[in-house]
Amino acid sequence: MAYRIMKSLISNSSKTNEELSTMADVYYGTGRLTEEQYTEIAGLIGQRKQEETGE
């Protein structure tokens, strides 16, 4: 459930990348994301950062 929420927020949210990263950290720290899911979410947030900065 947390995985789907995070993917949706990354795609369709006005939350900042910092807020999304914090949320992912909390979900991972509490065991609601697996290591594999956390790695994917972190990568998606990184891609979003690149798209916003045009790098």
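Please refer to the structure higher up on the page.
Residues numbered from 1 in each chain as written. Predicted model: local features only at pLDDT ≥ 70, side-chain atom pairs only at ≥ 80, totals over all residues. Heavy atoms only, no water.

The next subject is the nonpolar core. In globular proteins that are soluble, nonpolar side chains generally tend to be buried together. Ala 2, Tyr 3, Met 6, Leu 9, Ile 10, Leu 20, Ala 24, Tyr 27, Leu 33, Ile 41 and Ile 45 together form the largest nonpolar core, which totals 11 residues. Listing elements by their share of this core, those giving two or more residues are helix H1 (2-12), helix H2 (17-29) and helix H3 (35-53). (Core = buried A, V, L, I, M, F, W, Y, C linked by side-chain atoms within 4.5 Å. Buried < 20%, exposed > 50% of the residue type's maximum accessible area, 1.4 Å probe, protein only. Helix = DSSP H or I, 4+ residues; strand = E, 2+ residues; numbered from the N terminus.)

Turning our eyes to something else, we now look at the packing of H2 against H3. Where H2 contacts H3, the two axes come as close as 10 Å, and the packing angle between them is 175°. When the interaxial angle is binned, H2 and H3 end up roughly antiparallel. For the pair H2 and H3, the contacting residues are Asn 17, Leu 20, Ser 21, Ala 24, Asp 25 and Tyr 28 in the first and Glu 35, Tyr 38, Ile 41, Ile 45, Arg 48, Lys 49 and Glu 52 in the second. In the contact of H2 with H3, the residues fall into 6 nonpolar, 2 polar and 5 charged. (Axes fitted to C-alpha atoms, helices over the stretch in contact; angles between N-to-C directions. Parallel < 35°, antiparallel > 145°, perpendicular 65-115°, else oblique. Contact = heavy atoms within 4.5 Å. Nonpolar A, V, L, I, M, F, W, Y, C, P; charged D, E, K, R; others polar.)

On inspection of all chains with the given rule, the structure shows 1 aromatic pair. On the numbers, 4.5 Å between centres and 25° between planes, the contact of Tyr 28 with Tyr 38 is stacked. Pair noted here: Tyr 28 is in helix H2 and Tyr 38 is in helix H3, with a separation of 10 residues, a long-range link. (Phe/Tyr/Trp six-rings, centres within 6.5 Å; stacked < 30°, edge-to-face > 60°.)

Turning next to the side chain of Arg 48. As for its placement among the helices and strands, Arg 48 is situated in helix H3. At 2.6 Å, the side chain of Arg 48 and the backbone oxygen of Lys 15 are in polar contact. Excluding residues that lie within four positions of it along the chain, Arg 48 makes contacts with Leu 9, Ile 10, Ser 13, Lys 15, Asn 17 and Leu 20. (Polar contact = N/O pair within 3.5 Å; in protein donor to acceptor, adjacent residues only side chain to side chain.)

Turning to the environment of Thr 16, a few remarks are in order. Looking at the secondary structure, you find Thr 16 in the loop between H1 and H2. Sequence separation between Thr 16 and Ile 45 is 29 residues; the distance between their C-alpha atoms is 9.7 Å.

A word on the environment of Glu 40. Looking at where Glu 40 falls in the secondary structure, it is placed in helix H3. Residue classification places Glu 40 among the partly exposed residues on the basis of a relative accessible area of 33%. For the pair Glu 40 and Tyr 3, spaced 37 residues apart in the sequence, the C-alpha separation amounts to 9.6 Å. Setting aside chain neighbours within four positions, we find Glu 40 in contact with Tyr 3 and Lys 7. Here Tyr 3 takes part through its side chain, which lies 2.7 Å from a polar atom of the side chain of Glu 40.

So far we have only geometry, and geometry alone does not tell us how the molecule works.
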